[in-house]
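Here is how the chains run, residue by residue.
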Amino acid sequence: MTIRAANCCIAAALLFARSAAAETYHFGAIWDGAKVWKDACITTKADRIETVGPCTGASVDLTRFTAIPGLIDLHTHMTYVLENRVSQAGRNAAVVYLAQDNARKTLETGVTTVRDLGASDYADIAMRDLINNGNMVGPRMFVAGYGLQITRGRTSTPNTADGPTEVLRVVRQQIGAGADWVKMYGSTGSGRDVTGFETFTYEEMKAAADAAHALGKKIAIHTYGPNGARDAVRAGADSVEHATDMDDETIAEMVRRKTFYVPTIDHNRYYVDNYRKLNYPPTAVNDLNDYIQRNLETARKALKAGVRFGMGSDAVYTMFGENTRELGWFVKAGMTPEAALRTATTAAAELMGMEKTVGSLKPGTFADVVAVDGDPLSNIDVVIQKVRWVMKGGTIVVDKTKP
Ligand SMILES: [Zn+2]
């Protein structure tokens, strides 16, 4: 009871801190998503940015730092918690409570917006709404409800669908429940299982993509292997997730259709680092490392071909707080730090269809601002390791500027 009350009041205090008057913040440099302003100011009013440019008048001194737009993580599972020893009947309520920690750790990485790709019992919708209402502190969430899966077990669950007709029904149920995105599991592979057998057929993927688009929503299709990727792209997926070993033809089709690739290379690194905690056998480590290498190789090929990339961590359990490590893999695959940064800002906003509100610092966008210690355009580790201050929608949610 005490903890609950404390949480409520922190949120209330943060909301109170957002004043209606204009506030000015002075940075050593600002990367606004397109260009660099040296020694410049950002003025915010309520939850939006009013101006970016030369400083005039009084301001908050953040001149030791470089400002970048609030980051976007395109693939999270915010409601996946490792420890949940609550009785089955109360699990869903407990999940939303425990996941607050994931939300807070995500903000500390400079991520102020997430696309959350799959949850049970609509815990993601509850979290999104609580955050938007100011009851919970966390990044702005865009959620998918249940990710669609084929029937594999004995019992069907609310997310299973077989055949285009059932796919239509489940897609419409998620959107009806309030999902912002549709998520479909187009292949096997998850956790220590790195197989990539195609699950849904092309016809089922097409039914899902068409149903989502008809209702004004976008669809992300998970596929660990190349066959699911080929069919997901042809079916009209807006983004393909993971997608290792893609062939040249699929990659060329992604370029032609401007399909986004969200490779999520780093999440298997997390599984390798934590295999004991996750109760994976030591043999899983070899499989995961092999998958990481092929995933990176596929990213290199896709990058050379001109595919558009988005940064997604696929963060689950205790990976929150490591959301942006994926950017390091992107630089390893051949991107400049600036190009990597775009995958979590301007490009990610484009995939979300939200270029006017997130992913850049310009008049009218949400005042989502991250202060980093160093030059993010010459060293991506500055973004990954040195976030010192985060503002989300005009409210300061992280402040590590004091020594
Ligand atoms: Zn995922």
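For the structure, check the block above.
All values derive from a computational prediction rather than experimental measurement.

Caption draft 1: Representation of the packing of helix H2 (residues 91-98) against helix H4 (residues 123-132) within the structure. Look at H2 against H4: their axes get within 10 Å of each other, and the N-to-C directions meet at 40°. As judged from the angle between their axes, H2 and H4 are oblique. The two elements H2 and H4 cross, and the hand of that crossing is right-handed. Contact residues: Asn-92, Val-95 and Val-96 in H2; Ala-123, Ala-126, Met-127 and Leu-130 in H4.

Caption draft 2: Molecular detail of the pairing of strand E5 (residues 71-76). With 6 of its 6 residues buried, E5 lies for the most part within the structure. As defined by bridge partners, E5 adjoins strand E6 (residues 111-116) across 4 bridges and the pair is classed as parallel. Residue pairing across strands places Asp-73 opposite Val-114, the latter belonging to E6.

Caption draft 3: Fine view of the nonpolar core. Among the nonpolar cores identified, the biggest contains 88 residues, and Leu-148, Val-167, Met-184, Tyr-261 and Leu-327 are the most heavily contacted of them. Of the residues forming this core, the biggest block, 8 residues, is contributed by helix H10 (residues 282-305). Counting 17 residues, the second largest nonpolar core, distinct from the first, contains Ala-220, Val-262, Met-352 and Phe-366.

Caption draft 4: View of the sheet that holds strand E4 (residues 60-69). Strand order in the open sheet formed by 7 strands is E3-E2-E1-E4-E13-E14-E15, with mixed pairing between adjacent strands. In this open sheet, the two edge strands, each paired with only one partner strand, are strand E3 (48-53) and strand E15 (395-399). Between one strand axis and the next, the sheet turns through 35° on average, direction left out of account. Relative to strand E13 (residues 369-372), E4 runs antiparallel, the two sharing 4 bridges. By the bridge assignment for E13, Pro-69 is matched with Val-369.

Caption draft 5: Quick look at the pairing of strand E7 (residues 140-143). Here E7 shows a buried face lined by Arg-140 and Phe-142 and a second buried face lined by Met-141 and Val-143. By the bridge criterion, 4 bridges tie E6 to E7 in an arrangement that is parallel. Considered in E7, the bridge of Thr-113 is made with Arg-140. The parallel pair E6 and E7 is bridged by H4, and the resulting crossover is right-handed.

Caption draft 6: A look at the state of the cysteines. A full pass over the atoms with the stated rule returns 1 disulfide. Shown here is the disulfide that connects Cys-41 with Cys-55, its sulfur atoms set 2.1 Å apart. Handedness of the Cys-41-Cys-55 disulfide follows from its S-S torsion of about 100°: it is right-handed. With a gap of 14 residues between them, Cys-41 in strand E2 (residues 36-45) and Cys-55 in the loop between E3 and E4 connect regions that are remote in the sequence.

Caption draft 7: Quick look at the layout of surface pockets. Its boundaries defined by the atoms lining it, the largest pocket holds a volume of some 630 Å³. Looking at the lining of the largest pocket element by element, the count peaks at 3 residues for H2. Split into classes, the residues belonging to the lining of the largest pocket amount to 10 nonpolar, 13 polar and 3 charged.

Caption draft 8: Representation of the coordination of the zinc ion in the model. Donor atoms from the polypeptide that coordinate the zinc ion comprise His-75 (NE2), His-77 (NE2) and Asp-314 (OD), at 2.0 to 2.4 Å from the metal. Mapped onto the polypeptide sequence, the residues donating to the zinc ion form the spacing pattern H-x1-H-x236-D. With His-75 in strand E5 and Asp-314 in the loop between strand E12 (308-309) and helix H11 (326-332), the pair connects residues that are 239 residues apart, well separated along the chain.

Caption draft 9: Geometry of the packing of aromatic side chains. What the rule picks out here adds up to 9 aromatic pairs. Each ring, one from Phe-27 and one from Trp-389, has its centre 6.0 Å from the other, and the planes form 70°; the classification is edge-to-face. Linking Phe-27 in strand E1 (residues 23-31) with Trp-389 in strand E14 (residues 387-392), this pair joins segments that are 362 residues apart in sequence. You can call Phe-27 buried: its relative accessible area is 1%. Look at Trp-389 and you get buried, because its relative accessible area is 3%. Ring-pair connections join several aromatic residues into one group, and the members of that group are Tyr-25, Phe-27 and Trp-389.

Caption draft 10: A look at the packing of helix H7 (residues 226-235) against helix H8 (residues 248-257). Where H7 meets H8, the closest approach of the two axes is 10 Å, and the angle between their N-to-C directions is 25°. By the criterion of interaxial angle, the relationship of H7 to H8 is roughly parallel. Of the two elements, H7 crosses H8, and the hand of that crossing is left-handed. In contact with Ala-229, Arg-230, Val-233 and Arg-234 of H7, H8 contributes Thr-250, Glu-253, Met-254 and Arg-257. Partitioned by chemical class, the residues of the contact of H7 with H8 number 3 nonpolar, 1 polar and 4 charged.

Caption draft 11: Spotlight on helix H9 (residues 266-273). Counting buried positions along H9 yields 7 of 8 residues, so the element is predominantly enclosed. Inspection of H9 places Asp-266, His-267, Asn-268, Arg-269, Tyr-270, Tyr-271 and Val-272 among the buried residues, and these make up the whole buried set. The inward-facing, buried residues of H9 abut strand E10 (239-242), H10 and H11.

Caption draft 12: Local environment of the environment of Leu-148. Among the structural elements, Leu-148 can be located in the loop between E7 and helix H5 (164-177). Here Leu-148 falls in the buried class, since its relative accessible area comes to 0%. Along the sequence, Leu-148 and Asn-289 sit 141 residues apart, while their C-alpha atoms lie 27 Å from each other. Not counting the four nearest positions on each side in its chain, Leu-148 is found in contact with Asn-159, Ala-161, Val-167, Val-170, Val-171, Val-182, Lys-183, Met-184, Tyr-185 and Phe-200.

Quick notes on the rules
Residues numbered from 1 in each chain as written. Predicted model: local features only at pLDDT ≥ 70, side-chain atom pairs only at ≥ 80, totals over all residues. Heavy atoms only, no water. Axes fitted to C-alpha atoms, helices over the stretch in contact; angles between N-to-C directions. Helix = DSSP H or I, 4+ residues; strand = E, 2+ residues; numbered from the N terminus. Parallel < 35°, antiparallel > 145°, perpendicular 65-115°, else oblique. Left-handed = near helix turned anticlockwise from the far one by under 90°. Contact = heavy atoms within 4.5 Å. Buried < 20%, exposed > 50% of the residue type's maximum accessible area, 1.4 Å probe, protein only. Pairing = 2+ DSSP bridges. Core = buried A, V, L, I, M, F, W, Y, C linked by side-chain atoms within 4.5 Å. Right-handed = clockwise from strand over helix to strand, strands pointing away. Disulfide = S-S within 2.5 Å. 1 Å grid on protein atoms, 1.4 Å probe; cavity = no way out; pocket = protein on both sides within 12 Å on 5 of 7 lines; lining within 4 Å. Points joined across faces, edges and corners; volume = space filled by probe spheres on them. Nonpolar A, V, L, I, M, F, W, Y, C, P; charged D, E, K, R; others polar. Donors = N, O, S within 2.8 Å, 3.2 Å for Na, K, Ca; no water. Phe/Tyr/Trp six-rings, centres within 6.5 Å; stacked < 30°, edge-to-face > 60°.

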